[in-house]
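Examining the three-dimensional arrangement
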Amino acid sequence: MSDKATILLVDDTRTNIELLAGCLQKSYNLKVAMNGKRCLELAESEPVPDLILLDVIMPDMDGYDVCRQLKDNSSTKDIPIMFVTGKDSDEDEELGLQLGAVDYITKPIRPAIVTARVGTQVILKQQSDTLRSMALHDQLTSLFNRHYLIEAANSKVARIKRHGGTLSLMMIDIDYFKLVNDKFGHQAGDTVLRAVASVLSSGSRKEDVVARFGGEEFVVLLDDCSILDADDKAEQLRSLIEQLIPEGISVTASFGIAELDPDGETFEHLLARADQAVYLAKEQGRNCVVQAKSELDIKED
């Protein structure tokens with residue numbers, strides 16, 4: 001895959017597209033849309049653009065409406081937009097910037113200016129992506145961190161309560177991890193954590209969220225997954241972890257799994273049930289999978 005940034009060019013006039021492409025094609029991967037509808041489609045398709053150059057005057061849907069829809073969509077709201085347009089009044093530029101555009105370039109196009117300002121915005125986007133990734137990922141394992149997990153989980157729970165569906169949660173706790181650190185040292189412990197994280201990550205689907213919850217604990221959110229399917233998945237992962245021998249160290253883990261009750265259960269309750277199931281797995285000898293009690297049983301306890 002190319003390391004070049006991807007830019008989406010949107011203009012209903014082919015000569016304008018060709019002029020912009022001539023300025024940018026050597027330095028960037030380009031995607032092209034000649035109307036607003038196609039722009040919205042390409043903005044969500046891989047490779048997701050790092051920057052959108054957007055004309056204002058287009059048939060059916062003008063650039064301002066396209067910008068509004070891009071900014072209202074959680075999947076595309078963070079893509080920077082530069083208007084490139086013949087509308088050169090102060091009022092037009094003010095409107096474009098108020099809608100969330102990062103820049104506003106008027107036609108006729110000056111290639112050197114376009115190239116320089118595009119370059120600036122691409123660098124800013126890449127820096128923003130790097131900072132966001134650092135804020136949402138665990139530095140040691142590269143999995144999502146607890147902050148992202150909670151944010152994603154609450155969003156998934158809200159979606160299921162509105163539209164239906166299933167969501168299961170898997171909590172994983174590495175067995176006897178303190179002894180690993182005490183006997184082999186913290187560097188070896190870090191190696192064990194990375195090895196377990198790799199198993200969990202490679203064994204999960206794109207739509208799942210795999211996070212380091214803290215210390216030797218991990219959580220996996222499984223979209224569209226029943227408790228029975230989660231049990232099968234957990235057993236597969238448990239077996240794979242058991243086969244790990246990082247730096248000659250035997251590793252096992254205890255699993256607790258729970259399925260969301262969409263009738264009023266919160267993520268915190270779901271997590272608490274999975275956590276209690278992990279505790280029961282530890283009591284039952286570790287290196288096993290335990291299904292959580294119902295939310296009602298948790299409250300009665």
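What this report covers is the structure whose coordinates are included nearby. Computed from a predicted model, the values in this text were never measured in an experiment.

**Considerations on the pairing of strand β7 (residues 209-214)**
- With 5 of 6 residues buried, β7 is to be regarded as a mostly interior element.
- Strand direction decides the pairing type here: β7 and strand β8 (residues 217-223), joined by 5 bridges, are antiparallel. Paired with G214 across the strands is E217, a residue of β8.
- Two successive antiparallel strands, β7 and β8, enclose a turn made up of 2 residues, where G215 displays a positive phi of approximately 55°.

**Quick notes on the pattern of salt bridges**
- Summed over the entire model, instances satisfying the criterion amount to 19 salt bridges.
- Among the ionic pairs, D65 bridges to R68, the shortest N-O distance being 2.8 Å. Here D65 and its partner R68 are both found in helix α3 (residues 63-72), 3 residues apart, which amounts to about one turn of the helix.
- Classification of D65 as partly exposed rests on a relative accessible area of 32%.
- By relative accessible area, R68 is classed as partly exposed at 35%.

What counts as what
Residues numbered from 1 in each chain as written. Predicted model: local features only at pLDDT ≥ 70, side-chain atom pairs only at ≥ 80, totals over all residues. Heavy atoms only, no water. Buried < 20%, exposed > 50% of the residue type's maximum accessible area, 1.4 Å probe, protein only. Helix = DSSP H or I, 4+ residues; strand = E, 2+ residues; numbered from the N terminus. Pairing = 2+ DSSP bridges. Salt bridge = Lys/Arg side-chain N within 4 Å of Asp/Glu carboxyl O.

Structural measurements only, silent on function.
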